[in-house]
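Residue-level structural notes
Now for the letters of each chain:
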Amino acid sequence: MRLRNIAGSREVIAESTFTVKDPETKKGLWKKEVFGNSNPIRIEIGMGKGRFLMDLAELNPDINYVGIEKYSSVLLRAIQKQEQRQLPNVKFIRMDAEDIADVFAPSEVDKIYLNFSDPWPKDRHAKRRLPSREFLSRYDKILKKDGVVEFKTDNKDLFDFALEEVEPAGWTLDAVTYDLHNDPVMNEGNVMTEYEEKFSSLGNQIYKYIVSRKGSN
Ligand code: SAM
């Protein structure tokens, strides 16, 4: 998702109390310094306009949520929503997730959500795909031992690619569905993202996996 450049969005982000500036300085300190509690931290990478994360945060006030988004114009929309909702357990970072291991310490993150990640269809761009083995190795550095990555998409090619990456990356496939909304077990408690609502309303099936490092050493 890339919205038209919105004048002043960088300034709004810089001034917002909902965004964390210089996030590298919070490495290892998120619970204590950013949220002021000892609750688990869950992050969404490629959050877009942030509704999924904020809906989850409202349902789970004892969990801290951090939304990561690369583009200011998109993050601005999330900030505007959060200004209305004022959820105490939500913060945002504007950054490229490539550098995620500079921002969170080993085991600092409890769960990672990837929702409707950009497909980067050209082979030479495979490393940029958020469920690629390169990104899984970054997640490995920040996720607690029994933590999971949950990935949803309607893009079959991207989902097939993501499934193929799991084993070579040393991860384990815990659960998978090719039709989330008609899978009573995996759909239980499902919170829809903006893209999920849009694409499922067009009749697209939603794919989801949950992966962990349970099987690895
Ligand atoms: N997750 C939202 C949803 O499901 O409605 C938004 C999906 S949108 C297709 C993907 C988002 O991921 C875009 O806003 C894009 O800017 C962001 N994104 C892609 N690559 C990223 C990266 N490396 N770091 C941070 N954000 C990224």
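Residues numbered from 1 in each chain as written. Predicted model: local features only at pLDDT ≥ 70, side-chain atom pairs only at ≥ 80, totals over all residues. Heavy atoms only, no water.

A few words on the packing of helix 3 (residues 51-59) against helix 4 (residues 72-85). Look at helix 3 against helix 4: their axes get within 10 Å of each other, and the N-to-C directions meet at 25°. Our classification of the angle between helix 3 and helix 4 gives roughly parallel. Taken as a pair, helix 3 and helix 4 cross one another with a handedness that is right-handed. Seen from helix 3, the contacting residues are R51, M54, D55 and E58; seen from helix 4, they are A78, K81, Q82 and R85. Tallied by class, residues from the contact of helix 3 with helix 4 come to 2 nonpolar, 1 polar and 5 charged. (Axes fitted to C-alpha atoms, helices over the stretch in contact; angles between N-to-C directions. Helix = DSSP H or I, 4+ residues; strand = E, 2+ residues; numbered from the N terminus. Parallel < 35°, antiparallel > 145°, perpendicular 65-115°, else oblique. Left-handed = near helix turned anticlockwise from the far one by under 90°. Contact = heavy atoms within 4.5 Å. Nonpolar A, V, L, I, M, F, W, Y, C, P; charged D, E, K, R; others polar.)

Bringing unusual backbone geometry into the picture now. Phi is positive for D22, close to 45°, though the residue is something other than glycine. At Q86, a position not held by glycine, the phi torsion is positive, near 50°. Among the secondary structure elements, Q86 is positioned in the loop between helix 4 and strand 3 (90-94).

Attention now moves to helix 4. With 14 residues, helix 4 extends 20 Å from end C-alpha to end C-alpha; this agrees with the ideal 20 Å at 1.5 Å per step. Residues S72, S73, V74, L75, L76, A78, I79 and Q82 constitute the buried set of helix 4. (Expected span 1.5 Å × (residues − 1). Buried < 20%, exposed > 50% of the residue type's maximum accessible area, 1.4 Å probe, protein only.)

Geometric values such as these leave the question of function open.
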